[in-house]
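Commentary on secondary and tertiary structure
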Amino acid sequence: MPGVRAPARIGGWVRHAPIVSLPCYSYDALIEGVIAVTHAAITGWGKCLPPAVLTNHDLSTILDTSDEWILSRTGISERRISHVPLEELAYVAAARALAAAGRQGRDIELIVFGTCSHEDQVPNMASGIQARIGAQPAAAFDINTACTSFLYGLSAATALIRTGVVSNALVIGAELISPFMDWANRDVAVLFGDGAAAVVLEASEAEEGVLAEKLGCFGEARDILRVDGMGGRYANHGVLYGVVRWQFEGQEIFKRAVAGMSGACEESLARLRLKPEDVDLVVPHQANLRIIEAVARRAQVPMEKVFVNIRRYGNMSAATVAVALCEAVEEARVRPGALLLMPGFGGGLSYSAHLVRWGQRTQPLQVSAVELPPNERSALELIKDCLRRKLSPADPHAAEPFAGL
Ligand code: ACO
C-alpha cells in the first residue's frame, strides 16, 4: 500500500512506520502504532469422506487399466465417490471442525471455501456454508487455485486474522471431482477422488498456525493442466455443463510439481532461517506418491517424516492437504507443538509451502453429531448414474433449462 512500509518485527512485536493511509488493522492494533503479533492458531479440524469406495479393480472394469499399473505409477489403491453435493460434504467437515474447536457457527467471522468444483458460482459456496452453520453475518468468499485452494485460503485467512480484520476463520478445502471427471480417459480418471476437510483458525498470542509460507504460480505453463468445459468461455457454445475434456500433460506436470513444491519448501524454511531437520512432519499435496517422494528427497526430509494417505483417497484437489492434516492429527503423527511443512501444487500452475506450528492440543474439544445421509449405491453405480445424466438426459424435462434441478 503506498505510503505504508511493511511492519518490522521486533522481538515478538511489530513496530509500524508512520501510517499515511490506513491499512485494515483493527483500532486496538493501531494504538500508538505498536501491536502485538497476532497469530492464527489452528484450533479445530474435521474431515468428511463420502463412504463409496472406487477401487483400482472397479476402474479396470470400465477402463483399459489395472491395479498394478495404477498402484505402481501413482501409489493410489482407491478413492471416494460422493453421493451428495459439494456443499453437503463441506458442511459436515465444517461442523466437525467447529466441534473440535469447541465453537458454534455463530462464533465464526470469516469463511473461506477453497474449491475448483463449485456447484454454484453465484451465489458462492462460502455463503452457503455461512447459512448452514448459522454464521451470519460472517464474511464469506471462495478461493480457486485448484489443488492449492485450501492452502491459499489458509494464507488469506491467516493474513486477515493477523491484521485484525477478523478474529477467527473457518477454512474449507472441498472438492467434488467425480461429476467433472472424464471417465473415459484413463490418464486422469484413475488419479482423483471426492472429499472435504476444514480447519478453524483463531487469533492467538502464541506463535502458532502459519508462521511462514511461499506462494507461487507457473502461469506460463497453465495450459498443461486444463479442464475444458468448466467455465464461462464455454457458455453459448453448445457445451453441456459437466461434459469435459481434461488436457493433462502428466509428465510435464510431474516435473513442475516437484520443482514448485521443493522450491517453495526451501524458501519458506529460509524465511524462518530453519533447516529441513527442524521440521517434525511434512503433510504434502497428494497427487502421486512418486511426486511426494521426489519432493521429500529434494527437501532433504526422510519419508518417515512424511504423512502419506494417497493410497486411500487419490488426489482430492483442494481437499487433499486438509484431509491429510486431519488424519495426521487423528493418527497422532502430529505431536503437541510440532512444526509442519505443507507443500502444495495445483492447476494454474499454482504451488506453495506453508510452515505451520501446531498448538498443544491434539484432541478435539467436542465431537459433532452431524453425519452425511446414508448411501446405498456403490461407487461404480454412482459414476454410471452420473454418466447417464450427463450423456443421455432421459428426463423428459431435461431439455427445458434448469428443469429437474
Ligand atoms: N492405466 C494403464 N496405462 C496407462 C494409464 C492407466 N491409467 N494411464 C496412462 N497409461 C499408459 C500411457 O498411455 C503410456 O502408454 P504408452 O507407453 O503405450 O504410450 C504409459 O502408460 C506410460 O504413460 P506415462 O504418462 O509415461 O506414465 P507416467 O509414469 O508418467 O505416469 C502419471 C503418468 C501418473 C499421470 C504421472 O505423469 C503423474 O502423476 N503426473 C502428475 C499427476 C498430476 O498431474 N496430478 C495432478 C497434479 S495437479 C493437481 O493436483 C490438480
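Residues numbered from 1 in each chain as written. Predicted model: local features only at pLDDT ≥ 70, side-chain atom pairs only at ≥ 80, totals over all residues.

Focus: the overall build of the protein
Assigned secondary structure in the protein consists of 12 helices and 16 strands. Here the protein holds 405 residues, and 45% of them are scored as buried. Taking the intrachain contacts of the protein between residues at least 6 apart in sequence as the baseline, contacts between residues at least 24 apart amount to 77%. (Helix = DSSP H or I, 4+ residues; strand = E, 2+ residues; numbered from the N terminus. Buried ≥ 20, exposed ≤ 12 C-beta atoms within 10 Å, placed from the backbone. Contact = placed C-beta atoms within 7 Å.)

Here we look at the site of the ligand
As a matter of local geometry, the ligand sits amid 24 residues, with T65, C147, G250, I253 and N288 nearest to it. The residue inventory of the shell around the ligand, partitioned by class, reads 12 nonpolar, nine polar and three charged. (Near = placed C-beta within 6 Å. Nonpolar A, V, L, I, M, F, W, Y, C, P; charged D, E, K, R; others polar.)

With respect to the packing of helix α8 (residues 250–271) against helix α9 (residues 289–299)
Axis separation between α8 and α9 bottoms out at 9 Å; the angle between their running directions is 35°. Relative to α9, α8 is oriented so that their crossing is right-handed. Across from F254, A257, V258, M261, S262 and C265 in α8, the residues of α9 making contact are I291, A294, V295, R298 and A299. When its residues are assigned to classes, the contact of α8 with α9 shows nine nonpolar, one polar and one charged. (Axes fitted to C-alpha atoms, helices over the stretch in contact; angles between N-to-C directions. Left-handed = near helix turned anticlockwise from the far one by under 90°.)

With respect to the nonpolar core
Counting residues in each nonpolar core, the largest one holds 117 residues, and the members touching the most others are A90, A93, A94, A97, I111, V171 and I172. Here the element with the most residues in this core is helix α4 (residues 86–101); it accounts for 13 residues. (Core = buried A, V, L, I, M, F, W, Y, C linked by C-beta atoms within 7 Å.)

Observations concerning the confidence of the model for the protein
When pLDDT is averaged along the protein, the result is 91; 88% of the residues meet or exceed 70. Contacts from residues 1–25, a stretch scored under 50 in pLDDT, to residues over four places away or in other chains number 34 contacts. (pLDDT = per-residue confidence, 0-100.)

Structural notes on the pairing of strand β7 (residues 110–114)
Counting buried positions along β7 yields five of five residues, so the element is predominantly enclosed. Side chains of β7 alternate between two faces, with L110, V112 and G114 and I111 and F113 buried alike. Where β7 meets strand β8 (residues 139–143), five bridges bridge the pair, whose relative direction is parallel. Paired with F113 across the strands is D142, a residue of β8. Crossover handedness for the path β7 to helix α5 (residues 125–133) to β8: right-handed. Sheet topology places β7 next to strand β9 (residues 168–175); four bridges connect them, and they run parallel. Bridging across to β9, F113 finds its partner in I172. (Pairing = 2+ DSSP bridges. Right-handed = clockwise from strand over helix to strand, strands pointing away.)

Quick word on α8
If you check α8, its first and last C-alpha atoms are 31 Å apart, about what 22 residues at 1.5 Å a residue would give, namely 32 Å. Within the span of α8, buried status applies to I253, A257, V258, G260, M261, S262, A264, C265, S268 and L269. Residues of α8 that are buried in the fold lie against β11 (209–217), β12 (225–228), β13 (245–248), α9, β15 (339–346) and β16 (350–357). (Expected span 1.5 Å × (residues − 1).)

Digging into helix α6 (residues 149–162)
Here α6 spans 20 Å end to end across 14 residues, near enough to the 20 Å set by a 1.5 Å rise per residue. The buried fraction of α6 amounts to 12 of the 14 residues, a majority that puts the element mostly inside the structure. By the burial criterion, the buried members of α6 are S149, F150, L151, Y152, G153, L154, S155, A157, T158, L160, I161 and R162. With its phi angle positive at about 80°, G164 sits one or two positions after the end of α6.

Section: the environment of I383
Following the sequence through the fold, I383 ends up in helix α12 (residues 379–391). For the pair formed by I383 and I81, sequence separation is 302 residues and the distance between their alpha carbons is 7.8 Å. Beyond its immediate chain neighbours, meaning those up to four positions away, I383 contacts I81, S178 and W183.

Examining unusual backbone geometry
Put simply, V122 and P123 share a cis peptide bond, and its omega is 0°. Relative to the helices and strands, P123 resides in the loop between β7 and α5. Of note, the bond from G348 into L349 is cis; its omega dihedral lies within 30 degrees of zero at -5°. By the element assignment, L349 lies in the loop between β15 and β16. Even without being a glycine, A146 presents a positive backbone phi close to 55°. Structurally, A146 is set in the loop between β8 and α6. In the Ramachandran plot, S317 falls in the positive-phi region, its phi being about 50° despite a non-glycine side chain. Position of S317 among the secondary structure elements: in the loop between α10 (310–313) and α11 (319–330).

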